[in-house]
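# Examination of the molecular architecture
So you can see what is in the structure, the chains are spelled out below.
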Amino acid sequence: MPQPGDELFQVRLEKLDRLRSKGIDPYPRNYDRSHMAKDALELFESEESIESDSDDSTQVSVAGRITAMRGLGKASFLDLLDGSGKIQGMLRRNTLGESYEILKDLDIGDWLGIKGPMFRTRTGEITVEVREFEVLAKSLRGLPEKFHGLTDTETRFRQRYLDLIANPEAREIAIMRSRAVSVIRRFMDGRDFIEVETPMLVPVAAGGMAHPFETHHNALNQDLFLRIATELYLKKLIVGGLERVYEIGRIFRNEGIDLNHNPEFTTMESYESFADYNDVMNMVEELVHTVATEVFGASVVEYGGETIDLTPPWPRLSLVEQIKLHSGIDILECPDTETLVTEMQAAGIDVSAATSWAGMVDKLLSDRVEPHLIQPCFLVDYPVAMSPLAKKKPEDDRIVERFEAFAAGMELANAFTELNDPVEQRSRFEDQELQRTQLPGEEWDRLDEDFLTAVEHGMPPTGGLGIGIDRLIMLLSGQQSIREVVLFPQLRAT
RNA sequence: GGGCCGGUAGCUCAGUUUGGCAGAGCAUCGGACUUUUAAUCCGAGUGUCCUGGGUUCGAAUCCCAGCCGGCUCACCA
């Protein structure tokens, strides 16, 4: 990459001066574009298909970045890339006269507007025969090489704009993600949910089990945390009678970074009054299927060599049964930590890291069950010890009405019938706080007094949902790394 | 945080095993070329070999420490 002071950079500065000395503003303020590249190509094809009396096609003006230049003396070809794709332009000394010489001061990477009729070259490519052109922005640094493109992952993530220029797939994923979020919004809005925003800076990082980022507000002289979930604030809105709310937003967890984890990630959480987790399950499978078909054009996706069919309904599988099936362990028969440790060791599972009963069940789930959950499904009915915010099943107070959605061995969503008994909620929080004092190495939920006060005012029966947008996009776009679906993934600052 | 792998020209990469002038393609610069498209042809210059130490007559190459990245394990969604 040319740096200020480098020869390549200097050469471009000289070109910039030459353009100015010819009376050309290398950074004009606008351009009157008639067509996107893709639309221009389609226009030509449609005009071509009907017999036309005139020789010339409609004139178009398109604007984009020069991604390739091929000079042949008194004629030159260049590729322009705009938001819709690429289009080729041909410039000839004959048609352009003196202004043809300006080409010498153009480089790959510059923004250019071209205007003229279109034709097909000998090799069949639809091409703008440039009658006029205008420099839209001079670039001082070179672009990645055209053939191999940009593959260095560090540069791709740190300078995502180069990735977007060089790699069409990067562009496609960014666009797909945006469309997917739009579809989710339409889907939720269509079900009479209202989109809300809740605080990201919070005094208590509650609503999940995760290590928060800490910060400080100077004027308040108060420590604050970045939210780890949107859950509790959204449920306060349910208490307030908003009935159906959702939030699509960033949450922050101060934990490891890997293929599936970025410290900031996007979730959609929704809360629906008078619904239970069965209603939410129906909604989730329909939501995912709708996004897949509307954005990616299919209800079937390829992921890691597997073909995954997202068509509802997805099977509802008992968590307890699935653990029994894949590990031989009946967790309900092991109500205390010691028994479970013994059983897990007997099954050859490393229990050195997990210290709590809930932590070990979670490990059983992720080690033994998750890898089998390739086709989409719901695991339902979790132990109460793992789920301090979920309502117990009426027939079994060891189990709560909670489900997690899985596909391609990845967890996509977590949801439950919300616990709305304020007395029980307080005691569940107190249990979490107690566990933290006993097992500080693990993450526990935190007691949020403001939230309890809200629930004490009466929270209606509610079905709640959290769905990881990044992982959903990974699944639908076939990407194995969360960094591919986050435009600017977290990297160490240099 | 642990383990493994990597970092060489603007980009993509050889060269490291066995220490001996810093290399190729693209890009860039000069020239030729009026339908090219990884254009072609002739000619030219690329550089903190990630950084800092060490060994050596001599280090991109060997040793040590560090930085950055990737994968993986742990933790997690």
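Residues numbered from 1 in each chain as written. Chains lettered and ligands numbered in written order. Predicted model: local features only at pLDDT ≥ 70, side-chain atom pairs only at ≥ 80, totals over all residues. Heavy atoms only, no water.

Time to look at the overall build of chain A. When helices and strands are counted, chain A shows 14 helices and 21 strands. Structurally, chain A occupies a C-alpha span of about 85 × 55 × 50 Å along its principal axes. Out of the 494 residues belonging to chain A, those deemed buried represent 48%. Restricting the contact set of chain A to residue pairs at least 6 apart, pairs at least 24 apart contribute 66%. In chain A, the 53 positive side-chain charges and the 86 negative ones have mean positions that sit 8 Å from each other. (Helix = DSSP H or I, 4+ residues; strand = E, 2+ residues; numbered from the N terminus. Buried < 20%, exposed > 50% of the residue type's maximum accessible area, 1.4 Å probe, protein only. Contact = heavy atoms within 4.5 Å. Lys, Arg positive; Asp, Glu negative; His and termini not counted. Charge placed at Lys NZ, Arg CZ, Asp CG, Glu CD.)

Here we take up the sheet that holds strand 10 (residues 214-217). Backbone hydrogen bonds hold the strands of a sheet together, and the pairing may be parallel or antiparallel. Here we have three strands laid out as an open sheet, ordered 9-11-10, and antiparallel in their pairing. Either end of the sheet is taken by a strand with one partner, and the two such strands are strand 9 (201-202) and strand 10. Both strand 9 and strand 11 (residues 222-226) contribute to a ladder of two bridges, which runs antiparallel. Within strand 11, the position partnered with Leu201 by the bridge is Leu226. (Pairing = 2+ DSSP bridges.)

Under the defined criterion, the tally for this structure stands at 40 salt bridges. Salt-bridge contacts for Arg93 lead to Glu101; the nearest nitrogen and oxygen are separated by 3.2 Å. Here Arg244 and Glu272 are joined by a salt bridge, their closest N and O atoms 3.6 Å apart. Linking Arg244 in strand 12 (residues 244-252) with Glu272 in strand 13 (residues 264-273), this pair joins segments that are 28 residues apart in sequence. Taking relative accessible area as the criterion, Glu272 reaches 15% and is therefore assigned buried. Connected through shared salt-bridge partners, Arg12, Lys15, Asp107, Asp110 and Lys138 make up one network. (Salt bridge = Lys/Arg side-chain N within 4 Å of Asp/Glu carboxyl O.)

The next point concerns the nonpolar core. The biggest cluster of nonpolar side chains holds 47 residues, and the ones touching the most others in it are Ile184, Met268, Val284, Leu310, Phe403, Leu465 and Leu475. By residue number, the principal contributor to this core is helix 8 (residues 277-296), which donates 10 residues. Setting aside anything within four residues of it in sequence, one finds Leu465 in contact with Met268, Glu269, Ser270, Tyr271, Val280, Met283, Val284, Ala413, Asn414 and Ala415. (Core = buried A, V, L, I, M, F, W, Y, C linked by side-chain atoms within 4.5 Å.)

Taken in spatial order, the seven strands of this open sheet run 5-6-3-2-1-4-7, and their pairing is mixed. The open sheet has two free edges, formed respectively by strand 5 (118-120) and strand 7 (132-137), since each of these has just one partner strand. With direction set aside, neighbouring strand axes in the sheet form an average angle of 45°. Pairing between strand 4 (residues 111-116) and strand 7: five bridges, direction antiparallel. Bridging from a neighbouring strand, Ile114 pairs with Phe133 of strand 7. (Axes fitted to C-alpha atoms, helices over the stretch in contact; angles between N-to-C directions.)

Quick look at the pairing of strand 17 (residues 377-383) now. Taken across its seven residues, strand 17 has seven buried, putting it largely inside the fold. Sheet topology note: the strand 17/strand 19 (residues 396-407) ladder contains six bridges and is antiparallel. Residue Tyr382 lies in a different strand from strand 19, and its bridge partner there is Val400.

Next up on the list: the packing of aromatic side chains. Within the structure shown, the criterion is met by three aromatic pairs. Centroid distance Phe378 to Phe403: 5.0 Å. Interplanar angle 80°. Geometry classified as edge-to-face. Here Phe403 lies in strand 19 and Phe378 lies in strand 17, a separation of 25 residues in the sequence. Assessed through its relative accessible area of 0%, Phe378 is described here as buried. Through pairs of rings, three or more aromatic residues link up here, namely Trp314, Phe378 and Phe403. For the cation-ring pair, Lys236 lies above Tyr233, with the distance from its terminal atom to the ring centre recorded as 4.4 Å. A cation over an aromatic ring shows up here: Arg402 above the ring of Tyr382, its NZ or CZ 4.5 Å from the ring centre. (Phe/Tyr/Trp six-rings, centres within 6.5 Å; stacked < 30°, edge-to-face > 60°. Lys NZ or Arg CZ within 6 Å of the ring centre and 35° of its normal.)

Looking now at the domain arrangement of chain A. Accessible area lost upon the coming together of the parts is a frequently used measure of interface size. Its domain assignment divides chain A into domain 1 (4-143) and domain 2 (165-315 + 375-484). Put simply, the middle of domain 1 and the middle of domain 2, counted by C-alpha atoms, are 48 Å apart. (Domains from an automatic or database assignment.)

Let us now look at the pairing of strand 11. Bridge analysis of strand 10 against strand 11 gives four bridges, and the strand direction is antiparallel. The partner of Glu214 across the bridge, within strand 11, is Phe225. Linking two consecutive strands that pair antiparallel, namely strand 10 and strand 11, is a turn of four residues; a positive phi of about 45° is found at Asn221 within it.

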